[in-house]
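One letter stands for each residue in the lines below.
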Amino acid sequence: MASLTASKVLKPIGASGKLFAFALDIFRQLFRRPFQTREFIQQAWFLASVTIVPTALVAIPFGAVIALQVGGLIKQFGAQSFTGSASVLAVVQQAAPIGTALLIAGAGGSAIAADLGARKIREELDAMMVLGIDPIQRLVVPRVLACMMVAVFLNGMVSVVGVAGGYVFNVGLQGGTPGAYLASFTALAQLPDLWVGLVKALIFGLLAAVVAAYKGVNAGGGPKGVGDAVNESVVITFVLLFIVNFVVSAIYLQIVPPKTG
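Remember, predicted model here, so these are calculated numbers, not experimental data. (Residues numbered from 1 in each chain as written. Predicted model: local features only at pLDDT ≥ 70, side-chain atom pairs only at ≥ 80, totals over all residues. Heavy atoms only, no water.)

**Things to note about the overall build of the protein chain**
Scanning the protein chain for helices and strands turns up nine helices and zero strands. Counting helices and strands in the order they occur from the N terminus, the protein chain gives α-α-α-α-α-α-α-α-α. Of all 261 residues assigned to the protein chain, the portion counted as buried reaches 41%. A sequence separation of at least 24 residues applies to 86% of the contacts in the protein chain between residues at least 6 apart. Carbon and sulfur atoms make up 74% of the accessible area of the protein chain, which totals about 13,500 Å². (Helix = DSSP H or I, 4+ residues; strand = E, 2+ residues; numbered from the N terminus. Buried < 20%, exposed > 50% of the residue type's maximum accessible area, 1.4 Å probe, protein only. Contact = heavy atoms within 4.5 Å. Areas by Shrake-Rupley, 256 points an atom, 1.4 Å probe, with all protein chains shown as cover.)

Printed below as a string of structure tokens:
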């Protein structure tokens, strides 16, 4: 009974270690030539095609909800002139990277896990290794880099759409003035706020791709195993995203103090 309990406790630790080792293998294969340019372009196009429309649609309510909540709260304090800057900070620092990450993990990550998992149960990955082709260098690395690049671009799109949506809802529904909303951008917002959003998107894209690829490469048990790998990859990625977001935000606030109006 004691050994069974110990094995249950140590199982998540062992899985975390294997995931970390898999990430190190990916990093090592980044510098191996030849680089799979065609595979990278195909995966980047595929990820963009399956995520760009849902991301744009999600960005609008993100910006609207933030504008309504922040605008209503700030109005209670009589600081309507800071509505624009507060909404922009919330969208650029938090909403845009998280919204991008959720869709990258849900749509792109699940597709990566399903594709690699299907190749695994068909023994294509084993055949590649017999032929002397490293599946990580040939298949995983292009997918990871494509996921990171698409995540950064989608983050920029969500930021623009979210800020524009917040502007429309603030001016149209809350009686704000366009000039005050736009002029307040520089009151609290600063350039590092934009950079931290891009860094978050880059990290989130990396996490989503690494977890999805790890679960896909290690899938087993036939089609059911592939389905389980896809579900596990999405759940694990979501948990890691929120943890990493908290850590990065805490570090950023220590390095770059908030700008005072």
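Next comes the rest of the description.
**Description of the nonpolar core**
Of all hydrophobic cores here, the largest spans 36 residues; its most connected members are Phe22, Ile26, Ile104, Leu116, Val140 and Val144. Taken together, the elements giving at least two residues each to this core come down to helix H1 (2–29), helix H2 (37–76), helix H3 (83–121), helix H4 (124–130), helix H5 (135–173), helix H8 (191–217) and helix H9 (222–255). When residues of this core are assigned to their parent elements, the largest contribution, eleven residues, is made by H5. Val70, Ala86, Ala95 and Val163 belong to the second-largest nonpolar core, a separate cluster that totals eight residues. (Core = buried A, V, L, I, M, F, W, Y, C linked by side-chain atoms within 4.5 Å.)

**A closer look at the pattern of salt bridges**
This model, assessed by the stated rule, comprises ten salt bridges. Among the ionic pairs, Arg143 bridges to Glu39, the shortest N-O distance being 2.8 Å. Taken together, the positions of Arg143 in helix H5 and Glu39 in helix H2 put the pair 104 residues apart, joining distant regions of the chain. Each member of the pair, Arg143 as well as Glu39, carries the same accessibility label: buried. One salt bridge in this structure joins Lys215 and Glu232, with 3.0 Å as the shortest N-O distance. With Lys215 in helix H8 and Glu232 in helix H9, the pair connects residues that are 17 residues apart, well separated along the chain. Residue classification places Glu232 among the partly exposed residues on the basis of a relative accessible area of 38%. (Salt bridge = Lys/Arg side-chain N within 4 Å of Asp/Glu carboxyl O.)

**Comments concerning the confidence of the model for the protein chain**
Mean pLDDT over the protein chain works out to 79, with 81% of the residues at or above the 70 mark. Mean pLDDT values over the elements of the protein chain span from 67, in H1, up to 87, in H8. (pLDDT = per-residue confidence, 0-100.)

**Some thoughts on the UniProt feature "transmembrane region" (unreviewed entry) in the protein chain**
Per the UniProt record, "transmembrane region" (unreviewed entry) is found at residues 43–74, 94–118, 139–169, 194–214 and 234–255. Along residues 194–214, the helical share is 100% and the strand share 0%, with 31 Å between the first and last C-alpha atoms. (UniProt positions renumbered as here; feature names shortened; annotations may be inferred.)

**Some points on the environment of Arg143**
A relative accessible area of 2% means that Arg143 is categorised as buried. Residues within four places of Arg143 in sequence aside, it is in contact with Glu39, Gln43, Leu47, Ile112, Asp115, Leu116, Arg119 and Ala209. Engagement of the side chain of Arg143 in a polar contact is seen with the side chain of Asp115, the distance being 2.6 Å. (Polar contact = N/O pair within 3.5 Å; in protein donor to acceptor, adjacent residues only side chain to side chain.)

**Section: the environment of Val141**
One can find Val141 in helix H5. Among the residues examined, Val141 registers a relative accessible area of 2% and is labelled buried. Residues Val141 and Phe40, 101 residues apart in the sequence, show an inter-C-alpha distance of 8.3 Å. Those residues within four positions of Val141 in sequence are excluded, and the remaining contacts are Ile26, Gln29, Leu30, Phe35 and Ile136.

**Focus on the packing of H8 against H9**
Relative placement of two packed helices is described by the angle separating their axes and the distance separating the axes. One can describe the packing of H8 onto H9 by two numbers: an axis separation of 9 Å at closest approach and a directional angle of 155°. Viewed along their axes, H8 and H9 adopt a mutual orientation that is roughly antiparallel. Once H8 is placed against H9, the crossing between them reads as right-handed. Touching Pro192, Asp193, Val196, Lys200, Ile203, Phe204, Leu207, Ala208, Val211, Ala212 and Lys215 of H8 are Ala229, Glu232, Ser233, Ile236, Thr237, Leu240, Leu241, Val244, Asn245, Val248, Ser249 and Tyr252, all from H9. Residue composition of the contact of H8 with H9, by class: 15 nonpolar, four polar and four charged. (Axes fitted to C-alpha atoms, helices over the stretch in contact; angles between N-to-C directions. Parallel < 35°, antiparallel > 145°, perpendicular 65-115°, else oblique. Left-handed = near helix turned anticlockwise from the far one by under 90°. Nonpolar A, V, L, I, M, F, W, Y, C, P; charged D, E, K, R; others polar.)

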